[in-house]
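# Summary of the model geometry
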Amino acid sequence: MRHLKIGALIKGVYAEEVIPYYLDHGFESFGITYWQTTGDIDLKEQAKRVRELLGGSGAVVSSLTVFGNPLTGTGDNADTLASWERAIDHAAAFGCDVVSGFTGRIPDEPIPASLPKFKQVFGELARRAEDRGVRLAFENCDMHGTWDKGYWNIAHNPTAWELMFDALPNDNLGLQWEPCHQMVSLIDPIAQLRRWASKIFHVHGKDATIAWDVIREHGIHGPHPFVWHRTPGFGDTNWTDVVTILMQQGYEGSIDIEGRHDPVFKDELEMSAQVSSLQYLKRCRGGEYVTNPRISYGSGKL
């Protein structure tokens, strides 16, 4: 298939169990995620089993993601950095070239305070990844952090991205982007995407709904919720615009739906929403791939 693939995020701990189910419903790619550590999972063996499950389906593993704080190396994050290294070392076995996750940050310090440690840790990881033909992508979730304080991630604001990529201008460092996290901060995701598309290595399929009426009446610091995470197709973003901008920039990756966040289509409606989102995103990318007819005269073009 010559256009970008539409898939889903799945947890590494049950990847082999759910991949057949997702394949049956037409999902084309899988972002495999691990929380803070790859744990007891033998990535070499898991890669072998996953590739066997994918078989001749045409579906791919789009990314391996370690969500944790690789800058601290303490507590539950003690294995996060080593897990990044293992993911980089085994990415090719999964057939993918993107390893992603949070940057981490120095706890409860302003974003600039994390830059020296970020440069040290990801400078080494970028070299390791480059030797293996792997790109590193930083998820854009704030994890309830701000510019001044936080625990998980500095890569949630475009000003932080400028600081990060100034510190490490490596070509194999980029973003794992989705509109939702920017909309939560009231950033226009479409304008941002036009500016940053060339640095985006992987896309999460997650949207948001912004209640502008609530904001106009109560602001963002009152007791009333003003934004909700949504499954694509149920939020405010026109994903045809997202796909168009990505394809104009030569994006060749996937959009992997990040489920289990929608406040309405959840629980027993979870997979109904994910499959509906899959169908919606396929329409946004132009539907299924159809070859052009061959003609025997003129230039051979339609």
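Read on for an overview of the structure. (Residues numbered from 1 in each chain as written. Predicted model: local features only at pLDDT ≥ 70, side-chain atom pairs only at ≥ 80, totals over all residues. Heavy atoms only, no water.)

## A word on the overall build of the chain
Cut-off, in case you're wondering: The helix and strand labels rest on DSSP assignments: H or I over at least four residues marks a helix, E over at least two residues marks a strand, and numbering proceeds from the N terminus. This radius of gyration counts C-alpha atoms alone. The globule rule is 2.2 Å times how many residues there are, raised to the power 0.38. Residue burial is assigned from relative accessible area. The probe radius is 1.4 Å, only protein chains are included, and a residue is buried under 20% of its type maximum, exposed over 50%, and partly exposed in between. We call two residues in contact when some of their heavy atoms are within 4.5 Å. Accessible surface is estimated by sampling points in the Shrake-Rupley manner with a 1.4 Å probe; for residues, cover comes only from the protein chains shown. All tallies of charge rest on Lys and Arg as positive and Asp and Glu as negative; His and the ends of each chain are not included. Charge positions are represented by NZ for Lys, CZ for Arg, CG for Asp and CD for Glu.
Across its full length, the chain holds 10 helices and 10 strands. Relative to the globule expectation of 19 Å for 302 residues, the C-alpha radius of gyration of the chain, 20 Å, shows essentially globular dimensions. Projected onto its principal axes, the C-alpha positions of the chain cover 65 × 50 × 45 Å. Taking all 302 residues of the chain together, 50% fall into the buried category. A separation threshold of at least 6 residues defines the contact pool for the chain, and within that pool the share at least 24 residues apart is 76%. Carbon together with sulfur atoms contributes 50% to the accessible area of the chain, which is approximately 14300 Å² in total. Of the charged side chains in the chain, 29 are positive and 39 negative, and the gap between their average positions amounts to 6 Å.

## Some remarks on the packing of aromatic side chains
By convention here, two paired aromatic rings are described through the distance between centres and the angle between planes. For clarity, the threshold we go by: For this analysis, a ring pair means two rings from Phe, Tyr or Trp (six-membered ring only for Trp) whose centres lie within 6.5 Å, classed as stacked if their planes differ by under 30 degrees, edge-to-face if by over 60, and tilted for the remaining angles. Lysine and arginine charges are scored as sitting over a ring when NZ or CZ, respectively, is within 6 Å of the ring centre and within 35 degrees of the ring normal.
Counted under the stated rule, the structure contains 15 aromatic pairs. On the numbers, 5.6 Å between centres and 65° between planes, the contact of Phe118 with Phe138 is edge-to-face. Linking Phe118 in helix α4 (residues 111-131) with Phe138 in strand β5 (residues 135-139), this pair joins segments that are 20 residues apart in sequence. Of the two residues, Phe118 and Phe138, neither departs from the other in class, the shared state being buried. The rings of Trp35, Phe67, Phe102, Tyr151 and Trp152 are connected pair by pair, giving a single aromatic cluster. Sitting above the plane of the Phe201 ring, Arg135 keeps its charged end 4.7 Å from the centroid. For Lys199, the ring lying beneath its charged end belongs to Phe165, and the centroid distance is 4.4 Å.

## Focus: the sheet that holds strand β1 (residues 5-11)
Heads up, the condition is: One requirement defines pairing of two strands: DSSP has to find at least two bridges between them. Interaxial angle, 0 to 180 degrees, is taken between N-to-C directions of lines fitted to C-alpha atoms, where a helix line uses only the stretch in contact.
The sheet built from eight strands closes into a barrel, its strands ordered β1-β2-β3-β4-β5-β6-β7-β10 with parallel pairing. Within this sheet the neighbouring strands show an average axis-to-axis angle of 30°, counted without direction. Bridging between strand β3 (residues 60-67) and strand β4 (residues 98-101) involves three bridges; their strand directions are parallel. Opposite Val66, over in β4, you have Gly101 as the bridge partner. Strand contacts of helix α3 (residues 80-94): β2 (29-35), β3, β4 and β5, with the helix running at about 175° to β3, the strand carrying the most contacts. With respect to the sheet, helix α10 (residues 270-284) is in contact with β1 and β10 (254-257), its orientation differing from that of β10 by roughly 160°.

## Considering the pairing of β3
The line we're drawing: Crossovers are described as right-handed under a simple rule: with the strands pointing away from the observer, the path leading from the first strand over the helix to the second runs clockwise.
Among the eight residues that make up β3, seven are buried, leaving the element largely enclosed by the rest of the structure. Note: β2 against β3, seven bridges, orientation parallel. Paired with Gly31 across the two strands is Ser63, which belongs to β3. As a crossover connection, the stretch from β2 through helix α2 (residues 43-54) into β3 is right-handed. In this region the chain leaves β3, passes through α3 and returns to the parallel neighbour β4; the handedness of that crossover is right-handed.

## Description of a nonpolar patch on the surface
Stated formally: What goes into a patch is any residue over 30% in relative accessible area without a salt bridge, connected to like charges within 9 Å or, for nonpolar side chains (Val, Leu, Ile, Met, Phe, Trp, Tyr), within 5 Å. We define a salt bridge as a contact between a side-chain nitrogen of Lys or Arg and a carboxyl oxygen of Asp or Glu at a distance within 4 Å.
The grouping of Leu186, Trp212 and Ile220 at the surface amounts to a nonpolar patch, some 260 Å² of accessible area in total. Take Trp212: it is sitting in helix α8 (residues 212-218).

## Regarding the nonpolar core
Put simply, the rule reads: The term nonpolar core refers to a set of buried residues drawn from Ala, Val, Leu, Ile, Met, Phe, Trp, Tyr and Cys, joined through side-chain atoms within 4.5 Å.
Counting residues in hydrophobic clusters, the biggest one holds 69 residues, and the most contacted among them are Phe94, Phe122 and Leu136. The biggest single contributor to this core is α4, with eight residues. When neighbours within four sequence positions are excluded, Phe122 is seen to be in contact with Pro70, Leu71, Trp84, Phe102, Thr103, Leu136, Phe138 and Leu168. Counting nine residues, the second largest nonpolar core, distinct from the first, contains Met183, Ala208, Ala211 and Val227.

## Let's talk about the packing of α3 against α4
Applicable threshold: Our angle categories are set so that under 35 degrees counts as roughly parallel, over 145 as roughly antiparallel, 65 to 115 as roughly perpendicular, and the remainder as oblique. By definition, turning the near helix anticlockwise from the far helix through less than a right angle yields a left-handed crossing, and turning it clockwise yields a right-handed one. Residues are grouped as follows: Ala, Val, Leu, Ile, Met, Phe, Trp, Tyr, Cys and Pro are nonpolar; Asp, Glu, Lys and Arg are charged; all remaining types, including Gly, are polar.
In contact at an axis separation of 10 Å, α3 and α4 are set at 15° when each is read in the N-to-C sense. The angle between α3 and α4 falls in the class roughly parallel. Between α3 and α4 lies a crossing whose hand is right-handed. Contacts between α3 and α4 involve Leu81, Trp84, Glu85, Ile88 and Asp89 on the former and, on the latter, Val121, Phe122, Leu125, Arg128 and Ala129. Partitioned by chemical class, the residues of the contact of α3 with α4 number seven nonpolar, no polar and three charged.

## Side note on α2
Quick reminder of the rule: One fewer than the residue count of a helix, multiplied by 1.5 Å, yields its expected span.
Counted at 1.5 Å a residue, the expected span for α2 with its 12 residues is 16 Å, and the 16 Å between its end C-alpha atoms agrees. Elements that come into contact with the buried residues of α2 comprise α1 (15-24), β2, β3 and α3. Two residues or fewer past α2, Gly55 is found with a positive phi of approximately 50°.

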